[in-house]
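Each chain, written out:
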Amino acid sequence: MHSEALPLTSHEIPGSASRVALGPRAVLLRAFARDRGPELVTAIGAAAEISPFRHMVTPGGWRMSVALTNCGYVGWLTDRSGYRYDTIDPMTGRAWPAIPRLFADLAVEAAEAAGFSAFHPDACLVNRYAPGARLSLHQDRNERDFDQPIVSVSLGLPAIFLWGGMKRADKTQRVPLTHGDVMVWGGPDRLRFHGVHHLADGKHPLTGAYRFNFTFRRAL
Ligand code: MD3
Ligand code: FE
């Protein structure tokens, strides 16, 4: 008995998810999480039953078009008094849900694939984009240790990620992100300005009219 060898697509060949170097310590692992998509979407739904998605307000008084929630020991927040991490979800008055094992495994595997060993995230910020939602250029600097990388996972509808420089006015590069793409950022790239272009209309088989992005961080 023998079976015909089927040609494997790139994401089925172990370790061959295509890599794009976006900077000295910034790497895009195309489709790295694609096979885990269904379970990841289910886990996001379970976390959102404990801490629902909500639109937060920036210190300047703007309602964010992106809805967010968190899992982990601490969650990222914004309100009129500023940006910060907190162990308590202000909407429920209780702890955020734990980071699901499936999420943690993925974060550690992706960090290792990008050359960061011993990544122990204590926060996972989950962003939900509906068509029209966007994230303006910003830096992530509410974490204590900028030597720890950030791992981000994109699921569902595609988006254009805007990747800038060390100054807000620096030219941005447009990077298309699709379902299952994972990015890892560290070292000198950790403080780059970045954002997400307005999400286009669409329907994704797993997430419907949404894009989800979750970012694992070491906040404390
Ligand atoms: C580069 N999220 O939550 S993920 C954010 O798609 C955020 O929802 C975007 O920016 C999103 O803060 C982009 C990729 C990402 C995340 C954090 C970074 C890139 C980063 C921190 C430093 C540099
Ligand atoms: Fe960010």
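Here, every reference points to the structure presented above.
Residues numbered from 1 in each chain as written. Chains lettered and ligands numbered in written order. Predicted model: local features only at pLDDT ≥ 70, side-chain atom pairs only at ≥ 80, totals over all residues. Heavy atoms only, no water.

S.K.: What is the right way to look at the site of ligand 1 in this model?
M.R.: Neighbouring residues of ligand 1: 20 residues in total, closest Asn127, Tyr129, Arg190, His194 and Arg211. Take His138: an N or O atom from its side chain is 3.2 Å from an oxygen atom of ligand 1. In this structure, Asp140 approaches ligand 1 through a side-chain N or O atom, which is 3.0 Å from an oxygen atom. The fraction of the free accessible surface of ligand 1 (490 Å²) that becomes covered by protein chains is 98%. Elements supplying a minimum of two residues to the shell around ligand 1: strand E8 (123–129), strand E9 (135–138), strand E10 (150–156), strand E13 (182–185), strand E14 (194–196) and strand E15 (211–217). Top element by residues in the shell around ligand 1 is E15. It accounts for four residues. For the shell around ligand 1, the residue count by class is eight nonpolar, six polar and six charged. (Near = heavy atom within 4 Å. Polar contact = N/O pair within 3.5 Å; in protein donor to acceptor, adjacent residues only side chain to side chain. Areas by Shrake-Rupley, 256 points an atom, 1.4 Å probe, with all protein chains shown as cover. Helix = DSSP H or I, 4+ residues; strand = E, 2+ residues; numbered from the N terminus. Nonpolar A, V, L, I, M, F, W, Y, C, P; charged D, E, K, R; others polar.)

S.K.: So what exactly am I meant to see when it comes to the nonpolar core here?
M.R.: Soluble globular proteins tend to bury their nonpolar side chains together. In terms of nonpolar packing, the biggest core is built from 29 residues, with Phe103, Phe214 and Phe216 touching the most fellow members. If you look at the next biggest cluster of nonpolar residues, it comprises 28 residues, including Leu22, Tyr85, Tyr129 and Ala159. (Core = buried A, V, L, I, M, F, W, Y, C linked by side-chain atoms within 4.5 Å. Buried < 20%, exposed > 50% of the residue type's maximum accessible area, 1.4 Å probe, protein only.)

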